Amino acid sequence: MQLRARLMKSVTLPSSPASTTLQEIAANSKGIAKLVLKKGKTQLFKDGSPMVYSGAVDRIIGRPPPKSGDVVLVADGTEKPIGWGMYNAVSMFCVRLMQLEEETARDPSCALNMEKLLETRIHGALELRRSLGLPSMDTNAYRLVNSEGDRLSGLIVDVFGNLAVVASSAAWVEKYKSEIESCISRTCDIDLIRWRPSVDILKEEGLDVSDLGEPHPSHSLERVKVLENGIVYAISLEGQKTGFYADQRENRKFISTISEGRKVLDICCYSGGFSLNAARGGAVDVLGVDTSIPALDLAKENIFLNNLDPGRITYLREDATEFMKSAASRHESWDLVILDPPKLAPRKKVLQSASGMYRNLNSLAMQITKRGGLLMACSCSGAMTQSGLFLRILQSAASMAGRKVTVLRQAGAACDHPIDPSYPEGAYLSNVLLRVL
């Protein structure tokens, strides 16, 4: 016992290093304002919601008050920080949270430092895609950064070969434009970067869009070619979103596996993603319908890029609703129908009206699907997917159409499009394969 006591005295056990708190880091930084949340609002953001609405803020501590694009602390009612983020004085999204307190305690290197956080998050996003096998020998189009899913709310980066297209929808993204471009160039094998500001959203963010400037002359490409699952696509960098919907990659490939010997209809076909895969998969006849002439021009070009038989695949410019009504009146039907409309519910507040549109479109699609045939019903509205209403809407659509349906498969976006389930208005893809009876 005496020996043990002497040994214990002679050995000094190392003490655990005290973790650095966000409050302590902020104390050593000048001009960091603090937004104090209203009572009862804190847990929502501790649970992961990245968007702090202005209505959740009780008061702002700091003089002068923060400006849009500034780093700010977000605190609970006792003024204890729960995290930090990027401030916007105009947007309904008062703060986009970037890090929580416990994260900075574990690793304070990125705390209140947007440049360092960008480097860390973009590098982490790249490592994730590499672990998923992207890019590969047969696919060089993928999403590198998916906004809230990669915890960089307001920033999307799609990679097309050696080109990166950046979609900006937040004031902080515009402020850190040069840092983002530099980080992408250092991290990835990228030669060109194309900037695609979301003008309407940035107006809501309080930006003067006339100040955003024109793309650099060396970046003024209009079209590029990409490879996805062995299929070549010509894409327009002036087209919708970043020019290509890489989130449907696995679903397009799935369509190629069920198309052999079928007559296929692709409604809202854009540049032909589903219809090209159907033709490659052995469909006997494929028809794509869209209202956009530029999109259909791309789709027709893609037929020849892939050496597909132009006699088995046709594209038609027509409104989706009018086309389906006309086809139903002629009792025309297809073995496999794909309906992938634009985002009808960009915000939760329009969910009710969007539900009616989804119901009507899918009811028409069911009427022109052969009995015993297949319908792939798609929704790219995050609010719709998160509401859990989509299957019920499809059932209601079946009742309207006088049909019975069974669900065969449900799928979301490609795995390089990670999602943040705490933010229901993000981009959440839902694809439901139905047998229509």
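Residues numbered from 1 in each chain as written. Predicted model: local features only at pLDDT ≥ 70, side-chain atom pairs only at ≥ 80, totals over all residues. Heavy atoms only, no water.

1. Remarks on the state of the cysteines
Part 1: Tallied over the entire structure, the rule returns 0 disulfides.
Part 2: With no disulfide of its own, Cys110 lies closest to Cys183 among cysteine sulfurs, the gap being 11 Å.
Part 3: With no disulfide of its own, Cys188 lies closest to Cys183 among cysteine sulfurs, the gap being 7.8 Å.
Part 4: By relative accessible area, Cys188 is classed as buried at 9%. (Disulfide = S-S within 2.5 Å. Buried < 20%, exposed > 50% of the residue type's maximum accessible area, 1.4 Å probe, protein only.)

2. Structural notes on the environment of Gly124
Part 1: In this fold, Gly124 is placed in helix 5 (residues 114-131).
Part 2: Note on Gly124: relative accessible area 37%, which makes it partly exposed.
Part 3: Taking the C-alpha atoms as reference points, Gly124 and Leu144, 20 residues apart in sequence, are found 9.8 Å from one another. (Helix = DSSP H or I, 4+ residues; strand = E, 2+ residues; numbered from the N terminus.)

3. Description of empty space enclosed by the protein
Part 1: For the structure shown, the criterion picks out 1 cavity of 30 Å³ or more.
Part 2: Taken together, Met86, Tyr87, Asn88, Phe93, Val95, Arg96, Ala171, Trp172 and Glu205 form the lining of the largest cavity.
Part 3: The leading source of residues in the lining of the largest cavity is strand 6 (residues 93-100), at 3 residues.
Part 4: Tallied by class, the residues present in the lining of the largest cavity amount to 6 nonpolar, 1 polar and 2 charged. (1 Å grid on protein atoms, 1.4 Å probe; cavity = no way out; pocket = protein on both sides within 12 Å on 5 of 7 lines; lining within 4 Å. Points joined across faces, edges and corners; volume = space filled by probe spheres on them. Nonpolar A, V, L, I, M, F, W, Y, C, P; charged D, E, K, R; others polar.)

4. Observations regarding unusual backbone geometry
Part 1: The omega torsion across Arg63 and Pro64 is -5°, close enough to zero to call that bond cis.
Part 2: Mapped onto the fold, Pro64 is located in the loop between strand 3 (57-61) and strand 4 (71-75).
Part 3: A cis amide bond links Leu134 with the next residue in sequence, Pro135, at an omega value of -5°.
Part 4: Mapped onto the elements, Pro135 comes out in the loop between helix 5 and strand 7 (141-146).
Part 5: The phi dihedral of Ser147 falls on the positive side, at around 45°, and the residue is not glycine.
Part 6: Secondary-structure assignment places Ser147 in the loop between strand 7 and strand 8 (155-160).
Part 7: Here Asn229, not a glycine, exhibits a phi torsion of approximately 50°, which is positive.
Part 8: Here Asn229 is to be found in the loop between strand 11 (223-228) and strand 12 (231-236).

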